[in-house]
Number of protein chains: 2
Amino acid sequence: MDVDVDLSPLRDHLETEGLDGYLIDDDASDADQRYVSGFTAPDPYQTLVTQDGVHLLVSGLEYGRASKESSADSVSRLAAYDYQTLVAEHGAYEGKSRVLAAFLEDHGVDSVAVPRNFPTGTADGLRERGLEVTVEPEGIVEDVRATKTEWELEQIRATQRANEAAMARAEELIATADVDGDGVLVSDGEALTSERVTEEIEVTLLRHGCGLDDTIVACGADGADPHDRGSGPLEADELIVIDIFPRDKETGYFADMTRTFARGDPGEEARRRYEVTERAYEAALETVAAGVTGAAVHDAACDVIEDAGYETLRSDPNTETGFIHSTGHGVGLDIHEEPSVSPSGGDLAAGHVISIEPGIYDPAVGGVRIEDLIVVTENGYENLTDYRVGLEPTAE
Amino acid sequence: MDVDVDLSPLRDHLETEGLDGYLIDDDASDADQRYVSGFTAPDPYQTLVTQDGVHLLVSGLEYGRASKESSADSVSRLAAYDYQTLVAEHGAYEGKSRVLAAFLEDHGVDSVAVPRNFPTGTADGLRERGLEVTVEPEGIVEDVRATKTEWELEQIRATQRANEAAMARAEELIATADVDGDGVLVSDGEALTSERVTEEIEVTLLRHGCGLDDTIVACGADGADPHDRGSGPLEADELIVIDIFPRDKETGYFADMTRTFARGDPGEEARRRYEVTERAYEAALETVAAGVTGAAVHDAACDVIEDAGYETLRSDPNTETGFIHSTGHGVGLDIHEEPSVSPSGGDLAAGHVISIEPGIYDPAVGGVRIEDLIVVTENGYENLTDYRVGLEPTAE
């Protein structure tokens, strides 16, 4: 990975706190570890940051690849610390603690800061062996990751291009479907289901080098639950929310985009909600700039939605209809990362990549959500999304 | 999820230790949490097991789906504990601790066991608020998960059928490719690369409802590093290792299978290694039965490979060639789970699903690995894999 990682805030923290190192013990799902080590692996591995370098501890299976691909200054193998013997003697739990303690000792480390999600089993095991383990509560690595380098922006743009190809394929399927006598969309002689559209989205993404775990293609009442993935036949005269958040399989960088479509006439109230959501999205975008808080951007979206007579979590923290989520979130090696564009969102900075995605939900009407991915600049933002906003689906 | 989860070993542990509950704080990547709660979500959520039920704590975004889909006895929303207000007042770290402490209090819980991978930040935060947090070192939930119910076996079989379709597509591409003057495999007028075969495997899996993060299609020296995913043109007269481990997108259950192919003549030494690997695979399979240890099954594979004159990690813990990994691992909601078929592997039990996958590696020759997925029975095993073993690729 060619990320030019600036770990100085982390090293400053270690110096201030009088700690020898920062230790991560996780697997491929940990974006911080991937960022710091320039490496990812399906099984757990350990990354140690000291003042003089980044040091990996991996299984023999990963050793060759870690030595070739990682950005670490040194790579050690579990076998060098008699891992198998220690596990056989002391069990997986204590065996691992012993290996890690020896690895830390090799690097002159007696005290470590660890991330909040560091395994309690490992922390308590190291503490039992006399090491000092302190949680780093601020999420320093997450903060560093929030500001993207030019190289990272290129990766996110590439993922977003794949996202647009997938959205275009989904929109085309909806635009060109027939409508049967029951109002069900039909394509190639069969009902066009959420599942079929999802499959076409995912195949398109795979052809562009991206994968994903989940896609949302949610019609009618399904779309009123923002995390419902949707199922069953898509129908005319209903709102259809499509939210795609692919990840490049090679680089690991995500993109995120949502569009809402309707074939036929979803009704006056649905069209009004679409128009209000679009205005909220525009108001949020117009507010974005370095130095503005994520909370202020969220407020701008809430203002529009509340003025139009809908609830938000700001006007009623317990509402289950209206605008029932945050305006956005950071996107990078995690699909949800810093900064937050929510009531708790702090200052935005140039280089932050965030989603802007207001929506209005009600099971009786369906869901509307419009989402672009943008990068914050000194005076505003650059939109990383190149995709038309519009309720009526069209085929290219 | 219809898993008939037997949490009695966990509840027995709580009673023995005098603890009120078992708490998981993780996201979709945590198979234990998915198993216990019958629920999965992209963002972190919490699962509490007490003597009288399973209780979820989720964000408002997940509340609707969790109430509908999870197997929990109760579902609570973060908003019910003023999450946003507490985070705004105390920061994300302490805000979350306060919410969790209140959630535990609501369920009458003063002391919890937690899994080894429980976040240290959460553990220390709860401890600061006076709760007792003890790591459960044995992996009781993982142990429960190791023995599959009939329903779970059906899900794994379904994933394995998708795996076989994908392997057949890969084998067909290799079998039907032309060979150009440089010995490169050519299909549709272009070099048949690892990347192209991987893409066809993954599209086939998607069409069968499965996804995956990684696939291995590794030719020549690439295949000698068991975790190298492979890249570039596939060549005739070289060993090609194909390892596919898909996951059903709906149920979350994995399958795992490896075959090694060669177009043309990979040479006498490569053919010998294939033959030895096949014998090691057969010896390991013949050893499997309930009550036999994973270590004994691993030894059976090592015996064959060492007798044939190759190193194993048993004969030389530092070897980088020969048989340089374990014979197998459990497969279920995680691709690597209990039980282990390695030097530390304990008793196998009926219902354990394991891979049997010996291999022999050397950069000078390439890699050979043969892997089936099986379920342990009282007197032996049932092979969940329906795919021919053979070095020469054939098209259906």
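Quantities reported herein were computed from a predicted structural model and do not represent experimental measurements. (Residues numbered from 1 in each chain as written. Chains lettered and ligands numbered in written order. Predicted model: local features only at pLDDT ≥ 70, side-chain atom pairs only at ≥ 80, totals over all residues. Heavy atoms only, no water.)

### Remarks on the relation of the copies chain B and chain A
Okay, step 1: Aligned on chain A, chain B shows an RMSD of 0.0 Å; the corresponding rotation is 180° and the shift along the axis is 0.1 Å. Such a turn and shift between the copies fits a two-fold axis. By C-alpha distance to the rotation axis, the residue of chain B lying nearest is threonine 120 of chain B, at 2.2 Å.
Okay, step 2: Looking at chain B, 100% of its interface residues are interface residues in chain A too, so the copies touch through the same face. (Least-squares fit on C-alpha atoms with pLDDT ≥ 70 in both. Contact = heavy atoms within 4.5 Å.)

### Focus: the side chain of glutamate 164 of chain B
All names here are of chain B.
Okay, step 1: Residue placement: glutamate 164 occurs in helix H7 (residues 150-176).
Okay, step 2: Taking the relative accessible area as the measure of exposure, glutamate 164 reaches 8% and is therefore buried.
Okay, step 3: Setting aside residues up to four positions removed in sequence, glutamate 164 forms contacts with Met257, Leu384, Thr385, Asp386 and Tyr387. (Helix = DSSP H or I, 4+ residues; strand = E, 2+ residues; numbered from the N terminus. Buried < 20%, exposed > 50% of the residue type's maximum accessible area, 1.4 Å probe, protein only.)

### Digging into the UniProt feature "domain: Creatinase N-terminal" (unreviewed entry) in chain A
Okay, step 1: Cross-referencing UniProt, the feature "domain: Creatinase N-terminal" (unreviewed entry) maps to residues 10-145 of chain A in the present numbering.
Okay, step 2: The span residues 10-145 of chain A shows a helical share of 47% and a strand share of 22%, and its end C-alpha atoms are spaced 12 Å apart. (UniProt positions renumbered as here; feature names shortened; annotations may be inferred.)

### Quick look at the domain arrangement of chain A
How big an interface is tends to be reported as the loss of accessible area on association of its parts.
Residue and element names in this part refer to chain A.
Okay, step 1: As assigned here, chain A comprises domain 1 (8-145) and domain 2 (147-383).
Okay, step 2: Between domain 1 and domain 2, the contact holds 8 residues from the first and 12 residues from the second.
Okay, step 3: When domain 1 packs against domain 2, the two sides together hide about 810 Å² of surface, and 35% of this comes from carbon and sulfur.
Okay, step 4: In this structure, aspartate 334 and arginine 145 form a salt bridge, with 3.3 Å as the shortest nitrogen-oxygen distance.
Okay, step 5: Viewed at the interface, domain 2 and domain 1 are joined by 7 residue pairs in polar contact (both at pLDDT 80 or more).
Okay, step 6: Elements with a minimum of two residues in the side of domain 1 that touches domain 2: helix H2 (31-37) and helix H6 (140-146).
Okay, step 7: Looking at the side of domain 1 that touches domain 2 element by element, the count peaks at 4 residues for H6.
Okay, step 8: Taken together, the residues of the side of domain 1 that touches domain 2 break down into 3 nonpolar, 1 polar and 4 charged. (Domains from an automatic or database assignment. Buried area = accessible area lost by both parts, 1.4 Å probe. Salt bridge = Lys/Arg side-chain N within 4 Å of Asp/Glu carboxyl O. Polar contact = N/O pair within 3.5 Å; in protein donor to acceptor, adjacent residues only side chain to side chain. Nonpolar A, V, L, I, M, F, W, Y, C, P; charged D, E, K, R; others polar.)

### Regarding helix H5 (residues 120-128) of chain B
Okay, step 1: Burial analysis of H5 of chain B places 7 of its 9 residues in the buried class, which makes it a mostly covered element.
Okay, step 2: Tucked into the core, H5 of chain B has its buried residues touching helix H5 (120-128) and strand S6 (132-135) of chain A together with strand S1 (21-26), helix H4 (83-106) and strand S6 (132-135) of chain B.
Okay, step 3: Count one or two residues on from H5 of chain B and you reach glycine 130 of chain B, which has phi positive near 90°.

### Quick word on helix H4 (residues 83-106) of chain A
Residues and elements named next belong to chain A.
Okay, step 1: Compared with the 34 Å implied by 1.5 Å per residue over 24 residues, the 15 Å span of H4 between its first and last C-alpha is markedly short.
Okay, step 2: Listing the buried residues of H4 in full gives Leu86, Val87, Gly95, Ser97, Val99, Leu100, Ala101, Phe103 and Leu104.
Okay, step 3: Those residues of H4 hidden inside the fold are in contact with strand S1 (21-26), strand S2 (45-50), strand S3 (53-58), strand S4 (74-77), strand S5 (111-114) and H5. (Expected span 1.5 Å × (residues − 1).)

### Description of the environment of glycine 121 of chain B
Okay, step 1: Within the fold, glycine 121 of chain B resides in helix H5.
Okay, step 2: Dropping the residues within four chain positions of it, glycine 121 of chain B is found in contact with Arg116 and Val135 of chain A together with Tyr93 of chain B.

### Considerations on unusual backbone geometry
All names here are of chain A.
Okay, step 1: In this model, glutamate 338 is joined to proline 339 through a cis peptide bond whose omega is 0°.
Okay, step 2: The phi torsion at aspartate 82 lies on the positive side, around 55°, for a residue other than glycine.
Okay, step 3: With respect to the element layout, aspartate 82 can be found in the loop between S4 and H4.
Okay, step 4: Positive phi is not limited to glycine here, since aspartate 188 has a value of about 50°.
Okay, step 5: Along the polypeptide, aspartate 188 turns up in the loop between strand S8 (185-187) and strand S9 (190-191).

### Some thoughts on the sheet that holds S2 of chain A
Residues and elements named next belong to chain A.
Okay, step 1: The 6 strands are arranged S4-S3-S2-S1-S5-S6 in an open sheet whose pairing can be described as mixed. On the outer flanks of this sheet lie S4 and S6, each paired with one strand and no other. Pairs of neighbouring strands in the sheet enclose a mean axial angle of 25°, with direction left out of account.
Okay, step 2: One ladder, built from 2 bridges, connects S1 with S5; its direction is parallel. What sits directly across from glycine 21, in S5, is valine 112.
Okay, step 3: Helix H3 (residues 60-69) rests against S3 and S4 of the sheet, and its axis sits at about 165° to S4. (Pairing = 2+ DSSP bridges. Axes fitted to C-alpha atoms, helices over the stretch in contact; angles between N-to-C directions.)

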